[in-house]
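# Analysis of the macromolecular model
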Amino acid sequence: MKSDPQPDESTTFDELREIDPTEAAERLVPLIAAETIEPGRRNDHDAQIIDLLVDRRAGDPILDHLPLASIEELADRVQIRLRLPEESSAARPIAWQLLDVLRRSALLCRISEAEATSAWADRILDLVETSHFTFGHLLTQRAAGYGERTLFRVPGDGSNRRVSWRQVAGRVDLIARSLMSLSAEIDARPIAILSTNSLQMALVDLACLSSGIVNVMVPATSTETDVAYILEHADVGALFVSGADQMKKVLNVRDQLPGLRQVISLDATAVSARDVTPFEHLLARSTEVTPAELQDRRDLQQIDDLATVMYTSGTTGTPKGICFSQRNIVFKRFARALALPEIGEDDRFLCYLPLFHTFGRFFEMTGCVFWGATYCFAEDPSVDTLSRQMR
C-alpha cells in the first residue's frame, strides 16, 4: 500500500498564517494529529505548530476556532516528551512557548465555557513542573514578547513615568548581577526588603524572584522588635531599605544582628548613616558578574526551589514566615488566570496594596507580569486619589 505523502511543513505553516482563520484551524487539526509524521520529526513539527500559535497576529484568530481537543492533544504530546530523558531538553523551550499560548484570555474563556477548567489546571501544572518553567523564564519570555510596551506606570510631579518591559528586563538583570556579587560576602544568605511601594522595590523583588536569589519581605508596618525578629529568624545577609522611618528601625537593632552584613538604601534619605550602602554603589558591582553567569544561574533553577519567604504582620503574635517555591509563584498565576479568564494584556491595574502583602505582590505585581498587563502605582490609597487616578 502506498503511504500518504509527507506534508511540506514550511509551506503549509506559511499558508496558514495568511488564509482565513476558520479554514486555517480546520487544516491545522490533522497537522496536530501528526499521523503521517515520523516519530523522530514530531518535536520539530510540534515546534512549528506552536510557533504559529504564539504569533499573535495569526495565532490568536486561529485559536478562536481550533478545537480544544486538538490543543489538548498537542499539550499531552509535549508532556510525554518532557518525561523522556532523551527528549526532555529539546522539549522544554517548546513547552514554554505552549504555556505562553495557554495563558491567552480568549482561550481561557473557551476553557471556562467548556467547564474544563479543572482538567486544564492539571495539564498546565504538569507542563510547568516537568519543564521547570520558573519565574525567571516567565519574565524573560514576557519581556521578549512585549518589548517597548509599558509594564510600570509611576506617578510623580503631575505626570506618569512609563517604564517598558525592555527597560525592566535590563534593570532587573543589572540588579540580579549585583546581588550575585554579594553572595560570598553574605554566605549566600537570603536578601530582605523593608520598604513601602516603589519602583525600585519592585525591581529588586523581580531580580530576586527571577534569578534564584531567595528574598524575604519584611512588612513596612513592623515594629523594631518584629524587624529584628524577622531578620534573625530568616538568617538575612543583606537588607534593602527605603525611607528614613524604616532605616531608623534597622539602625536601632542592627547591633543585635551579627549575620546582617549589608544594608542597602533604595533612596537618598539615609545613605549617610553608618555602614549603609547606596543602591547605585551596589549596582556598580554588577560588572563582577557576567550576563552569562546570570543566565547559567537561571537555567539551573528548579521548580521546587525556594523562591521567597513572606511574614505575617505580627498583630496576633510573633510573625510567622510562609515559604513559597517557584512552583507556587508560577502556577498560582495560571490558576488565577483560569479563574479570571477575562483578564489580559490590555488591562491596567491601579495598585495600592503593599508589595509585602500577598495580594499586592502576587495578584497585582506578578499578575501583571504574567498577564502582560500594566501595573500602575497608586499615589496613595485614599478614595479621592484612587478615584482621580482611575479617570
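Our subject is the structure that appears above.
Report follows, based on the coordinates. (Residues numbered from 1 in each chain as written. Predicted model: local features only at pLDDT ≥ 70, side-chain atom pairs only at ≥ 80, totals over all residues. Heavy atoms only, no water.)

### Concerning the sheet that holds strand β7 (residues 276-278)
Note the threshold: When DSSP finds at least two bridges between two strands, those strands are taken to pair. Only DSSP runs of H or I reaching four residues or more are called helices, and only runs of E reaching two or more are called strands; each is numbered from the N terminus. Axis definition: a line fit to C-alpha positions, over the contact stretch in the case of helices; interaxial angles, taken between N-to-C directions, run 0 to 180 degrees. In what follows, a contact means two residues having at least one pair of non-hydrogen atoms within 4.5 Å.
Spatial strand order, β7-β6-β5-β3-β4-β8-β9: seven strands in an open sheet with mixed pairing. The open sheet terminates on both sides in strands that have one partner only, identified here as β7 and β9 (321-325). Geometrically, the sheet is characterised by an average inter-axis angle of 25 degrees between neighbouring strands, direction not taken into account. Relative to strand β4 (residues 215-218), strand β3 (residues 191-194) is paired through four bridges, and the arrangement is parallel. In the strand pairing of β4, Ile191 is matched with Asn215. Each of β3, β5 (238-241), β6 (262-265) and β7 is contacted by helix α13 (residues 244-253), which is oriented at about 150 degrees to β5, the strand it contacts most.

### Concerning helix α5 (residues 68-82)
Rules: Multiplying 1.5 Å by the helix residue count minus one yields the expected span of that helix. Categorising residues by exposure relies on relative accessible area from a 1.4 Å probe, with only protein chains included: less than 20% of the type maximum marks a residue as buried, more than 50% marks it as exposed, and the intermediate range marks it as partly exposed.
For α5, which comprises 15 residues, the first-to-last C-alpha distance of 21 Å matches the rise-based estimate of 21 Å (1.5 Å per residue) to within 8%. Three or more residues of α5 are buried, namely Leu68, Ser70, Ile71, Leu74, Ala75, Arg77, Val78, Gln79, Arg81 and Leu82. At its buried positions, α5 is contacted by α2 (21-33), α3 (42-54), α4 (56-63), α6 (88-102), α7 (105-113) and α8 (117-131).

### Regarding the sheet that holds strand β2 (residues 159-164)
Remark on secondary structure: sheet strands pair via backbone hydrogen bonds, oriented parallel or antiparallel. The strand order across the open sheet formed by four strands is β2-β1-β11-β10, and the pairing between neighbours is mixed. The open sheet has two free edges, formed respectively by β2 and β10 (348-351), since each of these has just one partner strand. Taking the axes of each pair of neighbouring strands and ignoring which way they run, one obtains an average angle of 20 degrees across the sheet. Pairing of β10 with strand β11 (residues 374-377) involves four bridges; the strand directions are parallel. The partner of Cys351 across the bridge, within β11, is Phe377. Relative to the sheet, helix α10 (residues 165-182) contacts β1 (150-156) and β2, its axis offset from that of β2 by approximately 70 degrees. Against the sheet, helix α11 (residues 199-209) touches β1, β2 and β11, its axis set at about 150 degrees to β1.

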